[in-house]
Amino acid sequence: MTSDNAPCIESVVLPVRPGHEAAFEAAFADAVPIIKRQKGFRSLRLSRCVERPNEYLLHVEWDSLADHTVGFRESDDYQCWRAALHHFYDPVPMVDHFQDVRAESHP
């Protein structure tokens, strides 16, 4: 069972326009302080795909789903984040959220 108040991971594949990878990486590095100062931000990780080098995988850990979907997405900072990065994407990426599943071992 999931909860809006439980920690969650934002997961998104970022399809960067081919040939713009270096500029994207530089812009992303410059934009990191924007997201790091958000309420509920825990950590982020950006990885580049080996097979498709213009695709990146972004994982951002939040204290709660609302910290991302309401707190950050409805903030002025999100508009700065969007202006800095969204012009690199084609097509617009789909964002998903995940929560840990408690798995118990059985004897």
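Computed from a predicted model, the values in this text were never measured in an experiment.

### Comments concerning the packing of aromatic side chains
At step 1: In this structure the tally under the stated criterion is nine aromatic pairs.
At step 2: Relative to tyrosine 89, the ring of phenylalanine 24 lies with its centre 5.9 Å away and its plane at 65°, an arrangement referred to as edge-to-face. Of the two residues, phenylalanine 24 is situated in helix H1 (residues 21-36) and tyrosine 89 in the loop between helix H3 (76-85) and strand S4 (95-98); the sequence distance between them amounts to 65 residues.
At step 3: With relative accessibility at 0%, the residue phenylalanine 24 sits in the buried group.
At step 4: Under the relative-accessibility criterion, tyrosine 89 is labelled buried at 10%.
At step 5: Where phenylalanine 72 meets tryptophan 81, the ring centres are 6.0 Å apart and the plane angle is 75°; that geometry is what we call edge-to-face.
At step 6: The exposure class of phenylalanine 72 is buried, given its relative accessible area of 2%.
At step 7: Look at tryptophan 81 and you get buried, because its relative accessible area is 6%.

Rules and cut-offs
Residues numbered from 1 in each chain as written. Predicted model: local features only at pLDDT ≥ 70, side-chain atom pairs only at ≥ 80, totals over all residues. Heavy atoms only, no water. Phe/Tyr/Trp six-rings, centres within 6.5 Å; stacked < 30°, edge-to-face > 60°. Helix = DSSP H or I, 4+ residues; strand = E, 2+ residues; numbered from the N terminus. Buried < 20%, exposed > 50% of the residue type's maximum accessible area, 1.4 Å probe, protein only.

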